[in-house]
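What follows is each chain in one-letter form.
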Amino acid sequence: MATREEVLQALRSVQDPELRRSIVDLGMVRQVKVEPHAVYVEIALTVSGCPLKGRIEEDVRRRLLALPGVEKAIVKLDVMSDEERRALGERLHGKREARSRLLDEDSPTQVIAVASGKGGVGKSTVTVNTAVALEREGYAVGVLDADIYGFSVPRLLGLQGRQPQVIDRALVPLEAYGLQVMSMGFFVDEHTPIIWRGPMLAGAVDQLLHDVLWADLDYLLVDLPPGTGDVALSLVQRLPRSRLLLVTTPQAASFHVAARAAYLARKAKQEIIGIVENMAYFTCPGCGRAYDLFGRGGADQLAAELGVPVLGRIPLEVPVREGGDAGRPVVLARPEAPAAEAFRALAREIACRTARQAAPARAEG
């Protein structure tokens, strides 16, 4: 017969998928009753209608049934009272301080700002697929959609229509495919235009950095708006250690404009980690011949001009578009596709060039 202490120890490895902390440490385990061959627990969810409650319930049941002598696990789900939520806020005070660690000089998080000189080059698609590929390599990864006007990350990750919960005046990132995700698109309808001037854009960037309960991350990928406007400037000022990953296509119109974003980074003393050539070529599914639909050599010319490497070349493929429309990135939806392999190679290249002595921070649970 299991003891109450053994039950709590088993449940300590179950994490709230969004807060990324143990449900025991968060005070979500309300009751534990142990009987011969059976265990009853009551779990208080942080919010009513939690979309991930099924995962929590299944994780709890699986941990309980793994205990010696437990043949039946009864899991009841409830919702935290106002008093319990206030207590949770107090537990998260330490986390509240940690969310600003992104701005500290000793922050362990590698911030990769994904930029382009112009729109339409697939910057957001590169961001989410690279993030998923890094997560699959074992890293703890977050995605910040800083494209305030033209946010697309929620749709690319299947999160449209969902809103983050608020705990103690702090936002909890949404979870998708193991990623922590935050976007302005969670707060407005995707068809509603945002009409803001510079100071409001800078304020939004500050809030998305400061007032979010980011878990301890190995990587934070920031999807910047195209060009060299207020958001890019604000991010460089607030995260001077961030590195820039520049996305372009082979055509001259793209890489000449991308050079402007690179020169802004250089002027701000921001390191450019490398270049990604998206839509690099198209392979005919019938004959297998590769076609340079948008020309050739643009990324190489830009890389030579800037003195940085080309880290990846992503082919133009239907599965990439299909994955984006379905909210399931091609790295997951079609892992055998050449584009998926190209994204995995890009993620490994980024990890290699930003390697630290510490192992990936993601806890196994």
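Structure shown above.
Conventions used here
Residues numbered from 1 in each chain as written. Predicted model: local features only at pLDDT ≥ 70, side-chain atom pairs only at ≥ 80, totals over all residues. Heavy atoms only, no water. Helix = DSSP H or I, 4+ residues; strand = E, 2+ residues; numbered from the N terminus. Buried < 20%, exposed > 50% of the residue type's maximum accessible area, 1.4 Å probe, protein only. Contact = heavy atoms within 4.5 Å. Areas by Shrake-Rupley, 256 points an atom, 1.4 Å probe, with all protein chains shown as cover. Pairing = 2+ DSSP bridges. Axes fitted to C-alpha atoms, helices over the stretch in contact; angles between N-to-C directions. Core = buried A, V, L, I, M, F, W, Y, C linked by side-chain atoms within 4.5 Å. Parallel < 35°, antiparallel > 145°, perpendicular 65-115°, else oblique. Nonpolar A, V, L, I, M, F, W, Y, C, P; charged D, E, K, R; others polar.

(A) Spatial organisation of the overall build of the protein. Secondary structure summary: the protein contains 13 helices and 15 strands in total. Of all 365 residues assigned to the protein, the portion counted as buried reaches 52%. Look at the contacts in the protein between residues 6 or more apart in sequence, and 75% of them connect residues 24 or more apart. As displayed, the protein has an accessible area near 16,600 Å², and 50% of this comes from carbon and sulfur atoms.

(B) Quick peek at the environment of glutamate 135. Structurally, the position occupied by glutamate 135 is in helix H5 (residues 123-136). Relative accessible area serves as the criterion here: at 5%, glutamate 135 is assigned to the buried category. Expressed as a C-alpha distance, the spacing of glutamate 135 and tyrosine 177, which sit 42 residues apart in the sequence, is 8.5 Å.

(C) How the structure looks around the sheet that holds strand E10 (residues 219-223). Spatially, the 8 strands line up as an open sheet ordered E8-E9-E5-E10-E4-E11-E12-E15, and their pairing is mixed. Of all the strands in the sheet, the pair left with one neighbour each is strand E8 (174-176) and strand E15 (310-314). On average, each strand axis in the sheet is inclined to that of its neighbour by 25 degrees, with strand direction left out of account. One ladder, built from 3 bridges, connects E8 with strand E9 (residues 179-183); its direction is antiparallel. By the bridge assignment, alanine 176 is partnered in E9 with leucine 179.

(D) Structural context of the nonpolar core. Among the nonpolar cores identified, the biggest contains 78 residues, and Tyr219 and Leu246 are the most heavily contacted of them. Sorting elements by how many residues they give to this core places helix H13 (residues 338-353) first, with 8 residues. Among the nonpolar cores identified, the runner-up in size contains 34 residues, and Ala44, Leu45, Val60 and Leu213 belong to it.

(E) Representation of the environment of leucine 213 in the model. Take leucine 213: it is sitting in the loop between helix H7 (198-210) and E10. As a C-alpha pair, leucine 213 and leucine 171 span 42 residues in sequence and 6.0 Å in three-dimensional space.

(F) Highlighting the packing of H5 against H13. Running from N to C, H5 and H13 point in directions that differ by 70 degrees, and their axes come no closer than 8 Å. Between H5 and H13, the interaxial angle falls into the category roughly perpendicular. Within the contact between the two elements, H5 uses Thr125, Val126, Asn129, Thr130, Ala133 and Leu134 and H13 uses Phe343, Arg344, Leu346, Ala347, Ile350 and Ala351. When grouped by side-chain class, the residues that make up the contact of H5 with H13 number 8 nonpolar, 3 polar and 1 charged.

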